[in-house]
Amino acid sequence: MTKKEQIFKGLAASKGIAFGRPFVYSVEAPTYDITNNGDFSSEKEISDYENAISQSVKELNKIFSLAKEKLDDKNLQIFDAQLSFLYDEFLNAKVKDRIARESVPAYQVFTEEIKVLESAILSSGDEYMRERINDINDIKNRVLRNLVKGRLVSKITENSIVIGRNLTPADTILFSNRNMLGIATDLGGINSHVAIIARSLSIPAVVAMHDISIRINRDDYLIIDGYKGVVIKNPEEETIIRYKEQVQKNLEFEAKLVELEKLPSETKDGKTIQLSTNLEFNNEVDYVVTHFGCDVGLYRTEHLFMEIGDFPDEEAQYKQYKFLADHISPGMVTIRTFDIGGDKILPESQKELNPFLGWRGIRICLDKNDMFKAQLRAILRASTGGNLKIMFPMISSVDEVVRIREIFEAAKSELRAAKIRFDENIKIGIMIEIPSAVLLAEELAELVDFFSIGTNDLVQYTLAVDRDSSLVCELYDKFNPAVLRLIKMLTDAAEKHNVPVSVCGEMASDPYGSLLLIGLGVKELSVESKSYLQIKRLIRLVNYENASKIAARVLKMSTSKEITDYIEECFNKNIGEKLKSYDN
C-alpha cells in the first residue's frame, strides 16, 4: 500500500532543502548497578571518575578539532564552554569528596550533582539558560558512559536526514562528517546550539517539532524544508518534483545574483534605497569589501564581550574599531554599543524571571558609567577618518538619551583635554526596538541624528511574544498590523524632523518585508551579507510609487493573514516571476 504524504510543522532554523532517508537518533543514558556488594573502594571510584573526566575531555578535544575546520570562532565557544564544565574544579572536588565521605559510587554521586544543577537551571525563568540543559545532558551522558566504559556511538548512516529529540553540538559536528543532509528535532529554538551550527554548516534544519522523533520510521522518505519550517514524510511524486524544481531555481538564481554586485541600489523609477550590511566578525570584512563595497549599517560589539567573558579594555576596543574604519573606508560603519543582557549573561547578573524585560542594553551601559565611557572613547579615537557613527540599543525614554549625551560629551571632553583627535562631527543614533520609543519619536528626533529599527525586538515587545519559545512562536509575526503601524508612525515622525531611518532587523532581509519597508518610507536597509544581493535584486525590480501604494493599503488592514495574502498577490504579480527566489 502506498504511504500517504504527511506534513509536520516546526520552526525554520536553517535555510535549505534536503531529500533523503532518516536516521532516527536516540540517546540512552548509561545504566549502572549501584548496589554495594561489600568490595567498595572509594579510591578506585575516585580513580574511575578522574579517568572518565579525562576520557571525556579527549573526546571533546577531538570533536573540537573537527569543529575548527567547519565553524567560526564565535560558534567554537560552544565547545569551549563544555570543556570548561569538565574542568570545573568545584564540581570535581565536590564529587570526589562525597565519594570519600559517603562511600557512594562515582556514578551515583555525579548523577545526583548534575540533577541539582539541572533543577536550578530548569527553575530559572531564563530561556537562554534553559537552552543550555542540552549541553549539560551531553556532558552528563558522556562522563557516565565513560564511567561504565561504554562505547561512543557517533556514526550514522551516510547521507541521512537526522531526526531526534534533540542534538548536542558534538552530535551535530560528528554527524556532519557523515554527510548529514538535514536535521529535524522535537526541541530547540532558532538560537539553540544545533540551530546555530546548522546555519554555519548550511545544513537545512527544522526545530521545535514536539514529537517528530516518534513520527518518523527509518524506512520513510523525507523532504526537509528549512525555509518554511516543515518536514514532509513520504511526499507524493508531484511534491518531490516541485521541490527539486525549486532547488534548481535557487541555484540558477544565486548564479545570476553575482551580476548585481556593482550595480546601484535603486528602484525601477530611480529612487535610491541605501543598502548596507550587518557585521560582527573580522572574517566577514574582506568579503563585504571585495563583493559589495557597501556601508556597514550595524556592527555588533557584543562578541568582544562574549569572547573574553567581560568588557574589553579601551585599547583593545580602539584597535578593533580602527581596523573596521580603515578597511570599510570610504564606506560608513555604524557601531552599536554593547547590547548585553537578555540572552547574553554578565558575570554579575542577578537571576531575572524575564531577562528580556530586565537589565539589558543601554540600561547596563548607563549603570556601568566607566565601562560605557571607555567604549565611547575607543570609538571616538577610531573616528578620525570621518566614517564612523555610534548607535545606542534598547532606548525606551527621552531621559536615557539625555543621560547618554551627557556621558558622550564627557568622553569627548576627556579626549580633548588629552589632546587626542577624533571626529568632532560624528553622528549618533538610537535603535527603535520598544514601542515607547516610537511614541516618543518626535522628542527623540530632537536629540539624535538617525534612527535604526530593530524589527526583531520591536515585534517581540509589541506582541509580547518570545520568538524562541516553541509554545508561542507562531504568534511572533512581523506582518502584524500593529507592528506595521508603529513603523509608519516612526517614519512619519522622522521625515517631519529630517531624521534618516534604517532597518537592521531580520525584516530587512525578507523579500516581502523589504518591499513593505520601502513602501513605509524606510530609506536604508541593513541586511545579513547572505541576503545582500537578493535584496538588491528586489530593490531594482520594485517601483517605489507602487510600493508606497501597497503599504498604504496594508495599513488599513486589520489581520496578518489579510496582509500576507495581499503582499503575496502583489509580489507574484509584479516581482515574483522576475525574482524567482524560494524565499518569495
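Here the structure is a predicted model, which means the values were calculated and not measured.

1. So, the packing of aromatic side chains
- Going through the model one piece at a time under the given rule, you end up with eight aromatic pairs.
- Ring centres 6.4 Å apart and planes at 65 degrees place the aromatic pair Phe23 and Phe175 in the edge-to-face group. One end of the pair, Phe23, is in strand S4 (residues 22-25); the other, Phe175, is in helix H7 (residues 169-176), and 152 residues separate them in sequence. Each member of the pair, Phe23 together with Phe175, is buried.
- On the basis of an interplanar angle of 85 degrees and a centroid distance of 5.0 Å, the ring pair of Tyr25 and Phe175 is categorised as edge-to-face. Of this pair, Tyr25 sits in strand S4 while Phe175 is found in helix H7, placing the two residues 150 residues apart along the sequence.
- You can call Phe175 buried: its relative accessible area is 1%.
- Every member of this aromatic cluster is reached through a ring pair, and the members are Phe23, Tyr25 and Phe175.
- Above the ring of Tyr318, the side-chain terminus of Arg381 is found at 4.2 Å from the ring centroid.
- Sitting above the plane of the Phe450 ring, Lys389 keeps its charged end 4.7 Å from the centroid.

2. Side note on the packing of helix H15 (residues 369-381) against helix H16 (residues 398-417)
- Where H15 meets H16, the closest approach of the two axes is 9 Å, and the angle between their N-to-C directions is 60 degrees. As summarised for this structure, H15 and H16 are arranged oblique, according to the angle between their axes. Crossing of H15 against H16: the hand is right-handed. Along the contact surface, H15 presents Asn369, Phe372, Lys373, Leu376, Arg377, Leu380 and Arg381, while H16 presents Ile404, Ile407, Phe408, Ala410, Ala411, Lys412, Glu414 and Leu415.
- Along the lines of polarity and charge, the residues of the contact of H15 with H16 split into nine nonpolar, one polar and five charged.

3. What to know about the nonpolar core
- Core analysis: the largest hydrophobic core is formed by 99 residues, its most contacted members being Tyr299, Phe372, Phe392, Ile430, Phe451, Leu525 and Val554.
- The element best represented in this core is helix H20 (residues 481-496), accounting for seven residues.
- Setting aside chain neighbours within four positions, we find Phe451 in contact with Ile430, Ile432, Ala441, Leu444, Ala445, Leu490, Ala494, Val499, Pro500, Val501 and Ser502.
- Judged by nonpolar contacts, the second largest core, of 48 residues, contains Ile136, Ile139, Ile183 and Ala205.

4. Here's the deal with the sheet that holds strand S9 (residues 230-233)
- The four strands are arranged S1-S9-S8-S3 in an open sheet whose pairing can be described as antiparallel. The open sheet has two free edges, formed respectively by strand S1 (6-9) and strand S3 (17-20), since each of these has just one partner strand. Across this sheet, the average inter-strand angle for adjacent strands is 15 degrees, counted without regard to direction.

5. What about the pattern of salt bridges?
- If you walk through the whole model with that rule in mind, you get 26 salt bridges.
- The partner of Asp186 in a salt bridge is Arg165, and the shortest N-O contact between them spans 3.4 Å. Within this pair, whereas Asp186 is found in the loop between strand S6 (182-185) and helix H8 (193-201), its partner Arg165 is found in the loop between strand S5 (161-164) and H7, the two being separated by 21 residues in sequence.
- A relative accessible area of 3% places Asp186 in the buried class.
- With its nearest N and O atoms 2.8 Å apart, the salt bridge here joins Glu314 to Arg377. Here Glu314, found in helix H13 (residues 314-328), pairs with Arg377, found in helix H15; they are 63 residues apart in sequence, far enough to count as distant.
- One connected set of salt bridges, linked through shared partners, spans Lys94, Asp97, Arg98, Arg101, Glu102, Glu112 and Glu113.

6. Here we look at H15
- Here H15 is 13 residues long and its end C-alpha atoms lie 18 Å apart, about the 18 Å a rise of 1.5 Å per residue gives.
- Summarising burial for H15: 11 of the 13 residues are buried, a large majority.
- By the burial criterion, the buried members of H15 are Met371, Phe372, Lys373, Ala374, Gln375, Leu376, Arg377, Ala378, Ile379, Leu380 and Arg381.

7. Describing the pairing of S3
- Burial along S3 is two-sided: the residues Ile17 and Phe19 and Ala18 and Gly20 are all buried.
- For S3 and strand S8 (residues 222-225), the ladder comprises four bridges, and the chain directions are antiparallel. When the bridges of S8 are listed, Phe19 appears paired with Ile223.

8. Some details on helix H10 (residues 237-257)
- Over its 21 residues, H10 runs 30 Å from end to end, which matches the ideal 30 Å to within 8%, given 1.5 Å per residue.
- If you check which residues of H10 are buried, you get Thr239, Ile240, Tyr243, Gln246, Asn250, Phe253 and Leu257. An end-on view of H10 places all buried positions within 145 degrees of arc, on one side of the element. Across H10 from its buried face, at more than 90 degrees, point the exposed residues Glu237, Glu238, Ala255 and Lys256.

9. Some thoughts on the pairing of strand S13 (residues 388-392)
- Along S13, five of the five residues are buried, which leaves the element largely enclosed by surrounding structure.
- When strand S12 (residues 333-336) meets S13, the two strands line up parallel, connected through four bridges. When the sheet's bridge partners are listed, Thr334 is paired in S13 with Lys389.
- Both S13 and strand S14 (residues 427-432) contribute to a ladder of four bridges, which runs parallel. Note on S14: the bridge partner recorded for Ile390 is Ile428.
- Assessed by its sense of winding, the connection that carries the chain from S13 through H16 to S14 is right-handed.

10. A short note on the sheet that holds strand S11 (residues 296-300)
- If you trace the eight strands once around the closed barrel, you get S10-S11-S12-S13-S14-S15-S16-S17, paired in parallel fashion. The sheet shows a mean angle of 30 degrees between the axes of neighbouring strands, direction not considered.
- Where S11 and S12 come together, three bridges link them in parallel fashion. Looking across to S12, one finds that Tyr299 is bridged to Ile335.

11. Let's talk about the confidence of the model for the chain
- Of all residues in the chain, 85% have pLDDT values of 70 or greater, and the mean over the chain is 84.
- Confidence drops under pLDDT 50 across residues 580-584; counting only partners more than four residues distant or on other chains, this segment forms 22 contacts.

12. Side note on the packing of helix H21 (residues 511-519) against helix H23 (residues 544-554)
- Two numbers describe how H21 lies on H23: the axes approach to 7 Å, and their chain directions differ by 95 degrees. As judged from the angle between their axes, H21 and H23 are roughly perpendicular. Only Tyr544, Ala547, Ser548, Ile550, Ala551 and Val554 of H23 make contact with H21, whose side of the interface consists of Leu515, Leu516, Ile518 and Gly519.
- Split by residue class, the contact of H21 with H23 holds eight nonpolar, two polar and no charged.

What counts, and where the lines are drawn
- Residues numbered from 1 in each chain as written.
- Predicted model: local features only at pLDDT ≥ 70, side-chain atom pairs only at ≥ 80, totals over all residues.
- Heavy atoms only, no water.
- Phe/Tyr/Trp six-rings, centres within 6.5 Å; stacked < 30°, edge-to-face > 60°.
- Helix = DSSP H or I, 4+ residues; strand = E, 2+ residues; numbered from the N terminus.
- Buried < 20%, exposed > 50% of the residue type's maximum accessible area, 1.4 Å probe, protein only.
- Lys NZ or Arg CZ within 6 Å of the ring centre and 35° of its normal.
- Axes fitted to C-alpha atoms, helices over the stretch in contact; angles between N-to-C directions.
- Parallel < 35°, antiparallel > 145°, perpendicular 65-115°, else oblique.
- Left-handed = near helix turned anticlockwise from the far one by under 90°.
- Contact = heavy atoms within 4.5 Å.
- Nonpolar A, V, L, I, M, F, W, Y, C, P; charged D, E, K, R; others polar.
- Core = buried A, V, L, I, M, F, W, Y, C linked by side-chain atoms within 4.5 Å.
- Pairing = 2+ DSSP bridges.
- Salt bridge = Lys/Arg side-chain N within 4 Å of Asp/Glu carboxyl O.
- Expected span 1.5 Å × (residues − 1).
- Arc of directions from axis to C-beta.
- Right-handed = clockwise from strand over helix to strand, strands pointing away.
- pLDDT = per-residue confidence, 0-100.

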